[in-house]
Amino acid sequence: MSHRVNDNPENMATDISRVASSRRYSENGLPYVHKVGVPPKTNLLKEITETVKETFFHDDPLRNFKDQSKSKKLLLGIQAVFPILEWGRSYNFSKFKGDLIAGLTIATLCIPQDIGYAKLANLDAQFGLYSSFVPPLVYAFMGSSRDIAIGPVAVVSLLLGSMLQQELDPVKQKHEYQRLAFTATFFAGVTQFVLGFFRLGFLIDFLSHAAIVGFMGGAAITISLQQLKGLLGIKKFTKKTDIVSVMKSVFAAAHHGWNWQTIVIGLSFLAFLLVAKFIGKKNKKYFWVPAIAPLISVILSTFFVFIFHAEKHDVQIVRHIDQGINPPSVNEIYFSGEYLTKGFRIGVIAGLIALTEAVAIGRTFAAMKDYSLDGNKEMVALGTMNIVGSMTSCYVATGSFSRSAVNYMAGCQTAVSNIVMSCVVLLTLELITPLFKYTPNAILASIIISAVIGLIDIDAMTLLYKIDKFDFVACMGAFLGVVFQSVEIGLLIAVAISFAKILLQVTRPRIVVLGKVPRTRVYRNMQQYPESTKVPGVLIVRVDSAIYFSNSNYMRDRILRWLTDEDEMLKETNQQKIQYLIVEMPPVTDIDTSGIHSLEDLYKSLQKRNVELVLANPGTMVIDKLHASGFADMIGEDKIFLTVADAVMTFAPKMEP
C-alpha cells in the first residue's frame with residue numbers, strides 16, 4: 001500500500017502535534033488515553049417520547065405547522081389531506097398539455113387491460129373499467145405522486161380471483177361472488193388507510209425486495225399460463241393456478257378443445273404486441289407504440305370477428321359489457337355474517353400486496369424526477385380510493401407499473417393525467433362499451449401476457465445471485481411457490497423467507513476477529529485485511545450488531561469458542577497465551593438486560609481462564625446501560641477505552657513475553 005507524502009508545512013506541523021498529543025504520558029508514567037464519555041441521564045418519559053418520535057415521526061411531518069396561525073394551520077392541514085390544493089395553485093396550461101397527452105395515452109392502454117384484468121379476477125368486464133374511473137379520481141385529489149397511474153393490475157387481480165373462488169363459485173354464485181369482491185376491496189382500503197393514518201408503513205418493508213422479485217415473476221408465469229384458456233380457445237379449464245394442473249388441462253383439451261381460429265388470432269396479435277413493446281424499449285421516442293398497440297389490437301380483432309362472424313366458429317368473444325357509470329354498491333358489502341371474516345382476510349392480503357406495489361412504483365418515479373414522496377400519505381390516499389371504490393362497484397385498484405412507465409414517458413406533469421384517463425374511461429362506459437361485444441377473448445389474453453411478461457425480471461434475479469445467495473434463495477422460493485402451488489402459497493413463502501432472514505441476522509450476528517493493519521494504528525477484520533497481524537497475548541473481536549435477548553447467548557458462546565481455539569493454536573506453537581480479550585463495540589447500537597447478563601457471564605468465564613475483559617468505544621446507549629447496571633464497575637472503568645489502539649497501547653507493555 002502506497003502513502004502519498006504531504007509536503008505542506010502547515011499540515012506537517014499539524015500531524016506532528018497530533019502524534020505528540022497521542023504520545024502524551026500521564027503523571028503515573030502510563031500512556032495517556034482519553035476516557036469514554038458517559039452521557040447525561042435522561043428521564044424515562046423523554047426517552048420514550050424520542051423513541052416513539054423516531055419510530056413513527058422520523059420525517060417530522062408537523063414541521064410546517066410550527067409558528068403558524070390557526071387559520072394557516074387549518075389551510076396546511078387541508079392541503080396535507082388534499083395535495084392538489086397545494087400544487088394546483090401553480091398549475092398552468094403548459095403542464096396541462098403534458099398531462100392531457102399522458103392521460104390520453106394511458107387511457108388507450110388501460111381500457112383493453114381493464115377488461116382482461118377483470119376476467120382475471122373472475123368478474124364481468126365492466127368492473128375493470130369501473131376500477132379505472134372512480135379510484136383514479138380520488139387518488140388525483142389525495143395522492144402525492146405525480147407519475148403513478150391508478151387502476152386494476154394483473155397480480156392483484158389474479159390474487160383476488162384465486163382467493164375469492166376458493167370461497168364462492170364465480171359462475172353459479174355470481175352475485176355473492178361480486179359482493180365478496182366488494183367486501184374484500186373495502187377491507188383492503190381500510191388496511192391501507194389504517195397503516196398510513198397510524199404511520200405503520202414500515203411494516204410493508206418486512207417483505208424483502210428479493211421476495212417481491214420472485215413473487216412478481218412467479219405471478220407473471222401463473223397469469224400467462226391462465227391466459228392459455230383464452231389464447232387456445234379452451235372451454236373447460238382447471239380452476240387451479242399451479243403449472244402442473246394448468247398444463248394437464250391444456251394437453252387434455254389438445255385433441256378436441258383447441259380452436260385453430262382462436263389460436264391464429266391470439267398468436268398473431270401477441271406477436272404484434274411483443275414487437276410493439278420491443279420497438280418502445282429500443283427507442284424511447286416511440287413509447288407511444290406499445291401504449292396504443294393494445295387498443296389497435298382490440299379494434300382490428302373486433303372488426304375481423306364481426307366481418308367474418310368468427311363467433312360462429314367457436315371463437316369466444318366478450319359478448320356484453322354493461323353500459324353506464326358505476327352503480328352504487330354500499331349495500332352489497334358484507335358487514336355481517338360468515339363472509340365478513342372471509343372478506344376481511346382476503347382484503348388484508350390483497351391490500352398489502354397492492355400497497356407494496358404502489359409504494360414501490362411511486363418511490364421509483366419520485367427518485368427519477370427528484371421529488372419527495374410521503375409513503376404514509378400515499379397509503380391514506382390508496383386506502384381512501386379503495387374504500388370509495390368498494391362502494392361504487394370497483395375492485396382493488398393500485399399503481400400499475402406498465403401504465404405508470406407510459407405515463408412518465410408521455411410527459412405527465414401531475415396527477416391530472418389520472419383525471420384525464422378517468423374521463424376517457426367515463427366516455428367509454430357511457431358510449432363505447434357496446435362496440436366491445438365482438439372482441440375475442442384471445443386478444444384480451446394476448447394483451448395480458450404482453451403486459452405481465454415484463455414482471456419476470458431476469459436481470460434482478462441474476463444480480464441477487466451475485467450479491468447475496470440468501471436473497472436469491474428467498475427470490476426462488478417465492479417464485480417456485482407461486483408457480484408450482486398457488487399465489488397464496490408463494491406469498492406465504494415470500495413472507496416466511498423474509499422473516500427467516502431477519503431472524504437469522506438478529507439471532508446470529510456477525511462477530512469478527514480484528515488485527516492490526518501494517519504501518520497504522522487501525523484494527524480491522526482479518527478476513528478483509530489478510531495482511532493485518534494479531535497482537536501477542538491479545539484477542540480482539542468486534543460484534544457487528546445490537547446485543548439483545550435473541551443473540552446474547554450466541555455472542556458469549558461464540559467469543560468463548562474463539563478464545564478456546566486461539567489458546568489451543570498458541571499452545572501448539574508455544575506462543576504466549578491470551579491475557580486480554582478486547583471487544584470493540586461501535587456497531588453495538590443497543591444492549592438489553594439479557595445482553596448485560598451475557599457480558600457478566602463472559603466476564604466470569606474469562607476470570608476463570610485468567611483473561612481480562614476490555615471494552616472499546618461503546619456507544620451512548622450501551623455505556624449508559626453498562627453504568628446503570630453496575631457492569632462498568634464490575635470490570636473497572638479503567639478497562640473501557642475510546643479505541644482498540646488505546647487499549648492495546650495501555651496493556652501491551654504489561655504483558656509478559
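Residues numbered from 1 in each chain as written. Predicted model: local features only at pLDDT ≥ 70, side-chain atom pairs only at ≥ 80, totals over all residues. Heavy atoms only, no water.

For the chain, an unreviewed UniProt entry supplies the name Sulfate transporter 1 and the organism Solanum lycopersicum. According to the UniProt record, the Subcellular location (unreviewed entry) comment for the chain is "Membrane". (UniProt positions renumbered as here; feature names shortened; annotations may be inferred.)

An ideal rise of 1.5 Å per residue puts 46 Å on 32 residues; helix α15 (residues 338–369) measures up with 47 Å between its terminal C-alpha atoms. A positive phi of about 60° marks Asp-370, the residue just after α15. (Helix = DSSP H or I, 4+ residues; strand = E, 2+ residues; numbered from the N terminus. Expected span 1.5 Å × (residues − 1).)

Moving on, we come to a nonpolar patch on the surface. A surface patch of nonpolar side chains, about 760 Å² in accessible area, is lined by Phe-272, Ile-296, Leu-300, Phe-303, Phe-304, Phe-306, Ile-307 and Phe-308. Considering each element in turn, the nonpolar patch owes the most residues, seven residues, to helix α14 (residues 288–308). Relative to the helices and strands, Phe-306 resides in helix α14. (Patch = residues over 30% accessible without salt bridge, like charges linked within 9 Å, V, L, I, M, F, W, Y side chains within 5 Å. Areas by Shrake-Rupley, 256 points an atom, 1.4 Å probe, with all protein chains shown as cover. Salt bridge = Lys/Arg side-chain N within 4 Å of Asp/Glu carboxyl O.)

Moving on to the packing of helix α8 (residues 154–164) against helix α10 (residues 209–226). Running from N to C, α8 and α10 cross one another at 70°; their axes reach a closest spacing of 10 Å. By the criterion of interaxial angle, the relationship of α8 to α10 is roughly perpendicular. On α10, the residues touching Ala-154, Val-155 and Leu-158 of α8 are Phe-215, Met-216, Ala-219, Thr-222, Ile-223 and Gln-226. Of the residues that constitute the contact of α8 with α10, the class distribution is seven nonpolar, two polar and no charged. (Axes fitted to C-alpha atoms, helices over the stretch in contact; angles between N-to-C directions. Parallel < 35°, antiparallel > 145°, perpendicular 65-115°, else oblique. Contact = heavy atoms within 4.5 Å. Nonpolar A, V, L, I, M, F, W, Y, C, P; charged D, E, K, R; others polar.)

The next thing to look at is the side chain of Gln-227. Here Gln-227 lies in the loop between α10 and α11 (228–232). In this structure Gln-227 comes out as buried when scored by relative accessible area, which is 10%. If we skip the residues at most four places from it in the chain, Gln-227 touches Leu-120, Ala-445, Ile-448 and Ile-449. (Buried < 20%, exposed > 50% of the residue type's maximum accessible area, 1.4 Å probe, protein only.)

This next bit is on the domain arrangement of the chain. The assigned domain composition of the chain is domain 1 (94–499) and domain 2 (508–651). The centre of domain 1, based on its C-alpha atoms, is set 54 Å off from the matching centre of domain 2. (Domains from an automatic or database assignment.)

Turning our eyes to something else, we now look at the pattern of salt bridges. Within this structure, the stated rule accounts for 18 salt bridges. With a shortest N-O distance of 3.3 Å, Lys-342 and Glu-167 are connected by a salt bridge. With Lys-342 in helix α15 and Glu-167 in the loop between α8 and α9 (174–197), this residue pair connects regions lying 175 residues apart in the sequence. Between Arg-556 and Asp-557 there is a salt bridge, with the nearest N and O atoms lying 3.2 Å from each other. Through salt bridges with shared partners, a single network forms among Glu-167, Glu-338, Lys-342 and Arg-345.

Another aspect to go through is the sheet that holds strand β7 (residues 612–616). Pairing in this open sheet of six strands is mixed, and the strands run β4-β3-β5-β6-β7-β8 from one edge to the other. In this open sheet, the two strands that pair with only one neighbour each are β4 (523–525) and β8 (640–641). Looking at chain direction, strand β3 (residues 511–516) and β4 are connected through three bridges and run antiparallel. Residue Leu-514 lies in a different strand from β4, and its bridge partner there is Asn-525. Across the face of the sheet, helix α23 (residues 552–572) comes into contact with β3, β5 (538–543) and β6 (580–584) while running at roughly 45° to β3. (Pairing = 2+ DSSP bridges.)

With that out of the way, let us pick up the packing of helix α5 (residues 93–120) against α14. The N-to-C vectors of α5 and α14 enclose an angle of 45°; their axes lie 8 Å apart at closest approach. Of the possible angle classes, the one that applies to α5 and α14 is oblique. Here α5 runs over α14; the crossing is left-handed. Across the interface between the two elements, Thr-105, Thr-108, Leu-109 and Pro-112 from α5 touch Pro-290, Ala-291, Ile-292, Pro-294, Leu-295 and Val-298 from α14. (Left-handed = near helix turned anticlockwise from the far one by under 90°.)

Within the largest apolar cluster, 102 residues are counted, with the highest numbers of intra-cluster contacts made by Leu-160, Phe-215, Ile-223 and Ile-353. Beyond its immediate sequence surroundings of up to four residues, Phe-215 is in contact with Val-155, Ile-353, Ala-478, Phe-479, Val-482, Val-487, Gly-490 and Leu-491. In this structure, Ile-511, Val-583, Ile-591 and Leu-615 belong to the second largest nonpolar core, which totals 34 residues. (Core = buried A, V, L, I, M, F, W, Y, C linked by side-chain atoms within 4.5 Å.)

Applying the stated criterion across every chain, the model contains 18 aromatic pairs. Relative to Phe-197, the ring of Phe-193 has its centre 5.8 Å away and its plane inclined at 10°; by these criteria the two rings are stacked. With Phe-193 and Phe-197 both in helix α9 and four residues apart, this pair spans about one turn of that helix. Classification of Phe-193 by relative accessible area gives partly exposed; the value is 30%. The class of Phe-197 is exposed, set by a relative accessible area of 53%. Among the aromatic residues, those joined into a ring-pair cluster are Phe-186, Phe-187, Phe-335 and Phe-344. Lys-469 extends its terminal NZ or CZ atom over the ring of Tyr-465, reaching a point 4.6 Å from the ring centre. (Phe/Tyr/Trp six-rings, centres within 6.5 Å; stacked < 30°, edge-to-face > 60°. Lys NZ or Arg CZ within 6 Å of the ring centre and 35° of its normal.)

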